[in-house]
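Topology and contacts: notes
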Amino acid sequence: MNVNSSQTLLTVPTGPLQISDLRPTNNVYFSLVIPTYKERDNIQNVVKILSQTLDEFIPGDYELIVVDDDSPDLTWEVAQSLTQEYPQLRVMRRQQERGLSSAVIRGWQVANGSVLGVIDGDLQHPPEILTQLLSQIAQGADLAVASRHVDGGGVSSWSVVRRFLSRGAQVLGLMILPGVLGRVSDPMSGYFMVRRNSIVGALLNPVGYKILLEVIGRGNVQSIAEVGYVFCERQEGESKVTWKQYVEYIHHLIRLRLSTGRLGRWSQNSSFPIGRFLRFGLVGLSGVFVDMAVLYLLSDPSTLALPLTRSKIIAGEIAIFNNFLWNDAWTFADVSMRQQEWHQRLKRFVKFNIICLAGLVLNVLVLNLVFNFLIPNRYIANLIAIAVATIWNFWVNLKLSWRVTDVK
Ligand code: GDD
Ligand code: MN
């Protein structure tokens, strides 16, 4: 094999994980990093399809950068052998460092583009979406994220357990870092692009998989656009996600939380949806009356005289249903108007229900904590518990049930 310059591997940058200004030479518009670990059977297809897509859209004005962590299946070597056929392709083989997030950043560090992107190397991220993401950037977005949770998005065939885990991770993130995770509908996405200007100079410090958190948390990202996509099933190779990634994720959240020392942009320019919150509160109050009335009808000795617990469960559920109807028709009318189909309504109702039940658990928990350790007055403690549960219910429903994201 003749070794020309296009076939040499990229030098792995060392030092801090920081993106610098564009060098004046070799510039392209768009640099797309493809992190790989054991993707030997995918890499050729990925490079082929991405090249075809981008050749049509921005011919000659992009580069593909494969960053492989010295895969034992020699993915990097396969990638390297493709560089003759695909001159836009560059390959990095990392032997010292490991990990998805740092691989992406090392790739961006050698990139010559003013827009920096990332896509999985296993074809689970549909390449067609690339052009839509690029259009969003062209229209002025600083960050364009492919999302499973906006119109047109989804997962192909995930089990209930997997969906639940994924959503649980998102809710946890919303609690720890509302100003970061609250800005996008799919903070776990590993398919996005960002203007170099928005992250130049920021000292990135990710652990694990979720590089997008780092970009939003430490970068200077003003406007965000989202494009729906369906997360496809893997055809070749296997996922590298184990329980370890869940632990790393929590570690990452806490570290970002502590080191940025702020709730994020959300609290900075304080765009807390106060009107919506008040409507949500009023609806909650109406639920109290519904609950009381039904409890009376079912359990009062002068009416049906059913057992108390059974009556209360029914009363509570009817109150939840009442609240859902009002919230859907009033509090979040702008959102539900756009999603009026029955299965969409049903989905919202199921989510609302689960979140409110979790809110109830939280309510009891806070009541006990406050009463036993802080304020030994059960009514004051209960007021605090109700306040905490109301904020939980509002915030999580806002982000999950009636999805209001920063989509333009
Ligand atoms: N260089 C490098 N180093 N690449 C890695 C590493 C690593 O340590 N670990 C994984 N990768 C590569 C894989 O080869 C693949 O191209 C990509 O990163 C994603 O890894 P998968 O293991 O396939 O992840 P997944 O499909 O379960 O997880 C994906 O979940 C999100 C949706 O929740 C994430 O990777 C996201 O990109 C995706 O959007
Ligand atoms: Mn994958």
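Along each chain, numbering runs from 1 in the same order as the chain's sequence is written. Chains and ligands are labelled by the order in which they are written, letters from A for the one and numbers from 1 for the other. Only residues with pLDDT of at least 70 are given local features in this predicted model, and only at 80 or more are side-chain atom pairs given and counted; all residues enter the totals for whole chains, interfaces and linings. Side-chain metrics rest on all non-hydrogen atoms present in the structure, leaving aside hydrogens and water.

1. Description of the packing of helix 8 (residues 211–218) against helix 9 (residues 243–260)
Axes, fitted as lines to C-alpha atoms, cover a helix only where it is in contact. Angles between the N-to-C directions of the axes lie from 0 to 180 degrees. The way it works is that DSSP assigns letters per residue, a run of H or I at least four long becomes a helix, a run of E at least two long becomes a strand, and they are numbered from the N terminus. Interaxial distance between helix 8 and helix 9 falls to 11 Å at its minimum, and their mutual angle equals 10°. Comparing their axes, helix 9 and helix 8 come out roughly parallel. Between helix 8 and helix 9, the residues in contact are Leu213, Glu214, Gly217 and Arg218 and Tyr249, His252, Leu253, Leu256, Ser259 and Thr260, respectively. Each residue is assigned to one of three groups, with Ala, Val, Leu, Ile, Met, Phe, Trp, Tyr, Cys and Pro labelled nonpolar, Asp, Glu, Lys and Arg labelled charged, and all others, Gly among them, labelled polar. A breakdown of the residues in the contact of helix 8 with helix 9 according to their chemical character gives four nonpolar, four polar and two charged. What sets the label is the angle itself: under 35 degrees gives roughly parallel, over 145 gives roughly antiparallel, 65 to 115 gives roughly perpendicular, and the rest give oblique. Two residues qualify as a contact provided that any one of their heavy atoms is within 4.5 Å of a heavy atom in the partner residue.

2. Notes on the coordination of the manganese ion (ligand 2)
For Na, K and Ca the donor cutoff is 3.2 Å, while for all other metals N, O and S atoms count as donors only within 2.8 Å; water does not appear among the atoms, so some sites may look incomplete. Taken together, Asp122 (OD) and Gln124 (OE1) make up the full set of protein donors to the manganese ion (ligand 2), lying 1.9 to 2.0 Å away. Across the pair, exposure class does not vary: Asp122 and Gln124 are buried alike. Only protein chains enter the accessibility calculation, which uses a 1.4 Å probe; a residue whose area is less than 20% of its type maximum is buried, one above 50% is exposed, and one in between is partly exposed.

3. Details of unusual backbone geometry
Backbone geometry at Asp70 places phi at a positive 55°, although glycine is not the residue there. For Asp70, the position within the fold is in the loop between strand 2 (62–68) and helix 2 (75–81). The exposure class of Asp70 is partly exposed, given its relative accessible area of 22%.

4. Considering the pattern of salt bridges
Salt bridge criterion: a side-chain nitrogen from Lys or Arg within 4 Å of a carboxyl oxygen from Asp or Glu. Enumeration over the complete set of coordinates arrives at 16 salt bridges. Put simply, Lys244 and Glu248 hold a salt bridge, and the shortest N to O gap is 3.6 Å. Of the two residues, Lys244 and Glu248 are both situated in helix 9; the distance of four residues between them amounts to about one turn of the helix. Through salt bridges with shared partners, a single network forms among Glu39, Asp122, Arg234 and Lys240.

5. Some remarks on the site of ligand 1
In the vicinity of ligand 1 lie 26 residues, with Glu39, Asp69, Gly121, Arg234 and Lys240 positioned nearest. What qualifies as a polar contact is a pair of N or O atoms within 3.5 Å, subject to a donor-acceptor requirement within protein and to the restriction that residues adjacent in sequence count only when both atoms come from side chains. One of the side-chain N or O atoms of Glu39 is found 2.6 Å from an oxygen atom in ligand 1. Between ligand 1 and Gln124 there is a distance of 2.9 Å, counted from an oxygen atom to a side-chain nitrogen or oxygen. Values of accessible area rely on a 1.4 Å probe in the Shrake-Rupley scheme; residue burial ignores everything except the protein chains shown. Protein burial of ligand 1: of its 740 Å² of free accessible surface, 93% is covered by the chains. At the level of elements, strand 1 (28–36) and helix 3 (100–109) are the ones that each hand at least two residues to the shell around ligand 1. Taken together, the residues that form the shell around ligand 1 break down as ten nonpolar, eight polar and eight charged. We define proximity as follows: a residue is near a molecule or strand when any one of its heavy atoms falls within 4 Å of that partner.

6. Remarks on helix 11 (residues 274–299)
Here helix 11 spans 37 Å end to end across 26 residues, near enough to the 38 Å set by a 1.5 Å rise per residue. The set of residues buried in helix 11 consists of Arg276, Phe280, Val283, Gly287, Asp291, Val294, Leu295, Leu298 and Ser299. Packing partners of the buried residues in helix 11 comprise helix 12 (308–331), helix 13 (333–336), helix 14 (342–374) and helix 15 (378–401). By this rule the span expected of a helix is its residue count minus one, scaled by 1.5 Å.

7. Observations concerning the nonpolar core
In this description, a nonpolar core means a group of buried Ala, Val, Leu, Ile, Met, Phe, Trp, Tyr and Cys residues linked to one another through side-chain atoms lying within 4.5 Å. If you look at the biggest cluster of nonpolar residues, it comprises 56 residues, and the most contacted ones within it are Trp108, Leu143, Leu181, Phe192, Val194 and Val215. If you tally residues by element for this core, the top one is helix 15, at six residues. Shared between two domains, this core holds at least three residues of each, these being domain 1 (28–260) and domain 2 (274–401). In contact with Val194, other than residues within four places in its own chain, are Trp108, Ser114, Val115, Leu116, Asp142, Leu143, Ile199, Val215 and Val221. Formed by 35 residues, the second largest nonpolar core is a distinct cluster that contains Ile43, Leu50, Trp76 and Val91. As annotated, the domain borders come from an automatic or database domain assignment.

8. Some words on the domain arrangement of the chain
Under the domain assignment used here, the chain contains domain 1 (28–260) and domain 2 (274–401). If you average the C-alpha positions of domain 1 and of domain 2, the two centres end up 38 Å apart. Contact residues are listed per partner, giving eight residues for domain 1 and seven residues for domain 2. Buried area: the sum, over both parts, of the accessible surface (1.4 Å probe) that disappears when the two are put together. Taken together, both faces of the contact between domain 1 and domain 2 bury some 740 Å²; the carbon and sulfur share is 69%. At the boundary of domain 1 with domain 2, the tally comes to zero salt bridges. For the pair domain 1 and domain 2, the number of links is two residue pairs in polar contact (both at pLDDT 80 or more). Looking at the side of domain 1 that touches domain 2, the element that brings in the most residues is helix 5 (residues 160–176), giving five residues.

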